[in-house]
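Working through the structure, step by step
Okay, here's what each chain looks like letter by letter:
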Amino acid sequence: MAHDELDGLLRSLRVWSPDTTELRPFDPDTAPPTPLPLFTVWLAEAARAGQPEPHTMSLATADAEGRPDVRIVMLHGADADGWSFATHATSRKGRDLHTNPHAALAFYWPLLGRQVRVRGPVTAAPAEAGQADLHARSTGALAAALTGRQSEDLASLDELRRASEAAWDQARENPSTPASTWTLYRLHPRSVEFFQGDPDRRHVRLEYRRTEFGWERRLLWP
């Protein structure tokens, strides 16, 4: 695609079309004192609105030199202590988290014009917790984990096919097979921001910040 074609395409695109998006009012004065209950409500509302894969999120990490990276992963759980996701400890993001154990998450639900951003330090759960999380999931999830070698160079798609087929066979025959590098991580939030889009561009941004006395709330300029 030529540069002019790309520019033309970008100018033709719109966000939050009234045909597809419902920008709901959000009164931050009614928000709960801690972020998790509001996140739970927003996630449920996104799912009920028909938002595809509302539990997926962007995960941003940085390496030892501070160079950032980002990718889409799945939320595995959330509680008062943090938001959980999983990956191979030997993957690029796993290596980033080993050397720089801080990360940021971003959820985007365009059907409601909403975002949630979470930032904080990350810790790895005990190995048995990671394996339990993996084995509670689908056969395909286990097969993908057993295929392994995430982020390494791949010689060909045929090599991937052979490794994947062997991993699927193993996952079906022994659903309790461990994936040694599979790790459950937990991001312990230091800030959680809720963004609600507004048709007049007076977007509402409510940020929770953790202090030594608990959570405090403040509004941010859009």
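Residues numbered from 1 in each chain as written. Predicted model: local features only at pLDDT ≥ 70, side-chain atom pairs only at ≥ 80, totals over all residues. Heavy atoms only, no water.

Topic: the overall build of the protein
Helices and strands together make up the secondary structure of the protein, namely 6 helices and 10 strands. Referenced to the eigenvectors of the C-alpha coordinate spread, the extents of the protein come out at roughly 55 × 55 × 40 Å. With 222 residues in all, the protein has 35% of them scored as buried. Taking the intrachain contacts of the protein between residues at least 6 apart in sequence as the baseline, contacts between residues at least 24 apart amount to 65%. Surface exposure of the protein reaches about 13100 Å², of which carbon and sulfur atoms provide 54%. (Helix = DSSP H or I, 4+ residues; strand = E, 2+ residues; numbered from the N terminus. Buried < 20%, exposed > 50% of the residue type's maximum accessible area, 1.4 Å probe, protein only. Contact = heavy atoms within 4.5 Å. Areas by Shrake-Rupley, 256 points an atom, 1.4 Å probe, with all protein chains shown as cover.)

Things to note about unusual backbone geometry
For Glu53, which is not glycine, the phi torsion reads 45 degrees and is therefore positive. Summarising the element assignment, Glu53 is placed in the loop between helix 2 (35-48) and strand 1 (56-62). The phi torsion at Ser151 lies on the positive side, around 80 degrees, for a residue other than glycine. The residue Ser151 is located in the loop between helix 5 (139-147) and helix 6 (157-173) in this model.

Quick look at the packing of aromatic side chains
This model, assessed by the stated rule, comprises 10 aromatic pairs. An angle of 45 degrees between the planes, with centres 6.4 Å apart, marks the rings of Trp16 and Phe195 as tilted. Note that Trp16 is positioned in the loop between helix 1 (3-12) and helix 2 and Phe195 in strand 8 (residues 191-196), a separation of 179 residues in sequence. Relative to Trp109, the ring of Phe107 lies with its centre 5.8 Å away and its plane at 40 degrees, an arrangement referred to as tilted. Accessibility classification places Phe107 together with Trp109 in one group, the buried group. Members of the aromatic cluster, connected to one another through ring pairs, are Phe26, Trp42, Phe194, Tyr208 and Trp215. (Phe/Tyr/Trp six-rings, centres within 6.5 Å; stacked < 30°, edge-to-face > 60°.)

Describing the environment of Phe194
Mapping Phe194 onto the fold places it in strand 8. Classification of Phe194 as buried rests on a relative accessible area of 0%. For Phe194 and Leu38, which are 156 residues apart along the polypeptide, the C-alpha to C-alpha distance reads 8.7 Å. With near-sequence residues (within four places) excluded, Phe194 lies in contact with Pro35, Leu38, Phe39, Trp42, Gln115, Val116, Val204, Arg205, Leu206 and Tyr208.

Description of the side chain of Ser191
Residue placement: Ser191 occurs in strand 8. A residue is classified by how much of its surface remains accessible, and Ser191, at 8% relative accessible area, is buried. In this view, Ser191 contacts Arg117, Val118, Arg119, Glu207, Tyr208, Arg209 and Trp215; residues no more than four positions away in its chain are not counted.

Some details on the pairing of strand 6 (residues 114-124)
Remember that side chains alternate between the two faces of the sheet whenever the strand is regular. Two strands pair when backbone bridges link them, and strand 5 (residues 102-109) and strand 6 are joined in this way by 8 bridges, in the antiparallel orientation. From the neighbouring strand, Phe107 faces strand 6, where its bridge partner is Val116. Linking strand 5 back to strand 6 in an antiparallel pair, the connection comprises 4 residues, with Gly113 at a positive phi of about 60 degrees. The pairing of strand 6 with strand 8 spans 6 bridges and is classified as antiparallel. Along strand 8, the bridge assignment pairs Arg119 with Ser191. Direction of pairing for strand 6 relative to strand 7 (residues 182-187): antiparallel, over a ladder of 3 bridges. Counted as the bridge partner of Ala124 is Tyr185 from strand 7. (Pairing = 2+ DSSP bridges.)

Fair warning: the whole summary comes from geometry, so function is off the table for now.
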